[in-house]
Structures are given as structure tokens and as C-alpha cells.
Amino acid sequence: MTSTGSASEEKVIDPDVRPEPTLAAVALVQFLVSLDLSVVNVGLPQIAEGLGFSAVNLTWVIHAYALTFGGLLLLGGKTADRYGHKRVLLLGLAVFGLASLAGGFAQEPGHLIAARAAQGIGAAALAPAALALLTRAYPAGKARIRAFGVWSAMNAAGGALGVLIGGLLTEYAGWRWVMFVNLPIAACALALAWRGVPVDAPPARGSRPDVLGPILATAGMTLLVFGVVRTERYAWTSPVTLTTLATAVVLLALFIFIQRTTTREPLIRLGLLASRSVAGANAYNLLVGAAMASAFYFMSLYLQRVLGTGPALTGVQFLPFALGVIAGSVLAIKLGYRFAPRALLVGGGLLTAAGFAWFGLISPDGTFTADVLGPSIVASIGFGLCLGPVVSTATVGVAPSETGTASGLLNSSRQIGASLGLAALGTAAHHRTGQSVSRDALNDGYALGLTLSAALLVAAALIALVVLRRAGQTPSAD
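Just so we're clear, the structure is a prediction, and the values are computed from it rather than from any experiment.

Q: Any chance you could break down the overall build of the protein chain for me, citing the residues and the numbers?
A: Within the protein chain, the secondary structure is distributed over 20 helices and zero strands. Relative to its length of 478 residues, the protein chain is compact, with a C-alpha radius of gyration of 21 Å against a globular reference of 23 Å. Principal axes of the C-alpha set define a box for the protein chain whose edges measure 65 × 45 × 45 Å. Looking at the protein chain as a whole, 54% of its 478 residues qualify as buried. Accessible surface computed for the protein chain: about 19,500 Å², of which carbon and sulfur atoms make up 67%. Where the 30 positive side-chain charges of the protein chain centre and where its 20 negative ones centre are 7 Å apart.

Q: Any chance you could break down the nonpolar core for me, citing the residues and the numbers?
A: Grouped together as the largest cluster of nonpolar side chains are 102 residues, with contacts concentrated most on Leu-89, Leu-112, Leu-134 and Phe-356. In terms of residue count, the dominant contributor to this core is helix α14 (residues 276-306) (14 residues).

Q: A description of the side chain of Thr-218 should follow, citing residues and the corresponding values.
A: Looking at the secondary structure, you find Thr-218 in helix α11 (residues 212-229). On the accessibility criterion, Thr-218 (17% relative accessible area) is buried. Separated by 2.8 Å, the side chain of Thr-218 and the backbone oxygen of Pro-214 make a polar contact. Other than its neighbours up to four places away in sequence, Thr-218 contacts Gly-71, Leu-72 and Leu-75.

Q: Tell me about helix α18 (residues 368-395), residues and numbers included.
A: An ideal rise of 1.5 Å per residue puts 40 Å on 28 residues; α18 measures up with 39 Å between its terminal C-alpha atoms. With 21 of 28 residues buried, α18 lies mostly within the body of the structure. Just downstream of α18 lies Gly-397, where phi reads positive at about 75°.

Analysis parameters
Residues numbered from 1 in each chain as written. Predicted model: local features only at pLDDT ≥ 70, side-chain atom pairs only at ≥ 80, totals over all residues. Heavy atoms only, no water. Helix = DSSP H or I, 4+ residues; strand = E, 2+ residues; numbered from the N terminus. Rg over C-alpha atoms; globule rule 2.2 N^0.38 Å. Buried < 20%, exposed > 50% of the residue type's maximum accessible area, 1.4 Å probe, protein only. Areas by Shrake-Rupley, 256 points an atom, 1.4 Å probe, with all protein chains shown as cover. Lys, Arg positive; Asp, Glu negative; His and termini not counted. Charge placed at Lys NZ, Arg CZ, Asp CG, Glu CD. Core = buried A, V, L, I, M, F, W, Y, C linked by side-chain atoms within 4.5 Å. Polar contact = N/O pair within 3.5 Å; in protein donor to acceptor, adjacent residues only side chain to side chain. Contact = heavy atoms within 4.5 Å. Expected span 1.5 Å × (residues − 1).

See the structure below:
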């Protein structure tokens, strides 16, 4: 058994791979994707005023990106596997950069929404391709632990610093710079990837690709995200929402049926989902995505609407969270040499849940020091502990020809989790708040949402404890 495993590992390691330049390029790409997910949020009021968005249409600045990004991730990962990870990464970066430029010059709402949708298309191509390149460069060992620790730190830094950068740019340079800021980062990432990442020959393609499967998967996932994000306008029990979600479920069920019966190369091999590591990590990631997106949303609103903090200062007050996640990611590297990823996922999930439960005690008469700083540090360190291990777990042991697909699946679970969590917990918070806009009522709604986020993370820790393998357990059952 040992000799077989060693031989397999030797076959996975590619002597042409240049790990350090690949890590630098992939880390910068992940920083860009994470930054874009949060940098726009703080500038939404100024975007609405500048381009004349209505209250309903303004949400599509966020939703247009979420729909294309979440809907196309699986297809993006499969495309990278089939046509080359570096090639798809470069193409995705180019699309993302050009879309950011177009969004910065938008003159009316439709222009910005179209640019955000194009950004989502670019991100759906580059995110899984980048993660696949990292998995290929660091297949096993201590170097893999360190590489995914660096990746998770950049992921966290981009997400948290996006709030700070968005607030500062919006207040002092204008909302258009929340789009323009992506350009220099995309250009640097493109140059790093072009020069530092070696060209990877795509695997031999023995059969024609399945066409119907990607159409069904993309349509089903897009409709699922679309139905969820519109629950702020149509209730969960409304005919519109029920019909949309039911259609999404039918399309995804047809997709699974096609993948089982097609004689062509499927979009995703269903055996990949039978792996406990892949299935458990994606379930964990979905719940973490739901909890984190919701918590960021509620805390941003609490700081601005309840405590009366301005956008720039709100961004500054998210800095402890950013630094805590980076510290947790570095700690995960140290602990990863001694403990299995499963232990870090359980411990990190529970620590983050404790921080969010502490957030749930916020007060309408609170202060940043008393109500935000302490739980920010606890939750962020816990989040940093589990970021790298969940990505490593979801891709460990996956064949090189499927790393892009596995990476797309993981990104997709996080994106769908974020959409589902924000819609569900936002609805719960709205019901608690009612029609009142008083600080007390808003505080109660945000506190409930943060407490429910903690419950989601406890559920994620239980999944890691029950589903994922113990240290030393062989993967033969998979």
C-alpha cells in the first residue's frame, strides 16, 4: 500500500512546475477575486446617486456578479482542465480587467450591471484555474500546507481589505475607483502568470465533450442563485420564488442524469463527488460561505446604521478582522505540521462560531471597542485556521485532469452558500426588525442574523467531524 502511494505521488509531481512563481501569481489572483467581492459594497449608496439606480435595481450591482460567477464556475473549472489551466487563467484575467475598466466608465445603470456580469464571467474562469495550478504545484507535504496557508491569507486579506479600500476610495476618490482599482492588480497578476507559470499541456481528450450537461448545470445554478437573491423582493413562499427554485432543481437533476448516462466526456465525473474529502469539504465550505457573507453584511450595517459610522471609518474598523484572518492563516501553517486538516476545520469552525455568537450580543448603545473588536479577533482567527485546510482537503488526491473541476466545485459551493445564507438570514433579520427603522429594531435583527451565522458554523464543524477522514485513515473506501 505504501509503495503504491509513493508511486502515485511521484507521478503527480510535475518537474516542469515552478512552485514559487506559481504561488505568487495564484495568491495575487485570489486577492483580486476576494477584493472585488467586497470592495463594491461600501460604495453602493454613492453608485446609486451617481448613476441614478432605483432601490430595487441597485441590488443587481451585486447580483449580476453573483449570477455569472456562481453559475459558470463548474464550466470554468472543466474548461481549464480540458484546454490548459494557464491559458484559461490568462483569458479570465484579461476579461476581468477589461470588464473592470468598462464598469469604471459606466454612464447608466445598465452599463455597470453588464460590466459586473462580465467580471463574474472572468472570475469564473480564473478562480478555479488558479487553484488548480496551486494544487498541481504543491501536491503534498509541508510545502502544500505552507502554500495553502499563503493562499488563504491572501484570500482573507482581499475580502477584508476590500471593505477598507472601498470605503476610502468612495469617500475620497469617487465610486468609479472601486472598479478601476482592479486594473493594476489584474495587470500585475497577468504579468506574473505570463512569465512565472509554465504552460501546462492539457490532458489527452479521448472523446468529445458533453454539451447538454454544461448547459443544464449553468442554467440550473444560475436559476438557483437568481431565485435566492430575489427573495428580498419575492417571499420564499411566493409562486415566483417556488417556481424559480423548482425549475433550478429539475435542471440540476437532469444534469446529474446526463452525467451518469452520457457517452461523451462529462462536465463532472460523479465519482468525484463520492469522495468523502471532496463531498465533506464542499458541504463545510457551503455553510462557511453562508455564515461569512451574512456576518460581513450584518456587521457592516450595524456599524453604519446603528453606531452611525461613516464608510471610510467602517472600512478601518474591519482591519482587525483582516489582520486576525491573516494571523489565523499563519497559525494554520504551524499547526498543519502537527495536526490533520480535519482537526483544524473543526477547531477553526467552532472558534469562528464563538466569535459570531459574541457578535450576537451587540447593543444599540454599543461601541466599536466593546461590541466589535473582541469578537472580530476571535472569529477572524478561527476563520483563518480553516480557510487553507478546506481548500487542501477538497483537492487532495484528485487526479491532475480533474483539479480544475474540483476547484470550480469548491468555489461554486462557497458562492452558492453565500447567496443562500445572505438571503435566508437576511429574511430572518428582516422579520425580526419588522417595519421599524429604529436603532433598537435594526440592532435586534442584525443580532439574530449573527447568532444564526454562529449556528451555521457549528453545523459545519459537525460535518468536518463526522464526514472527513481521521488522521491516518486510508482513502480506499473512496
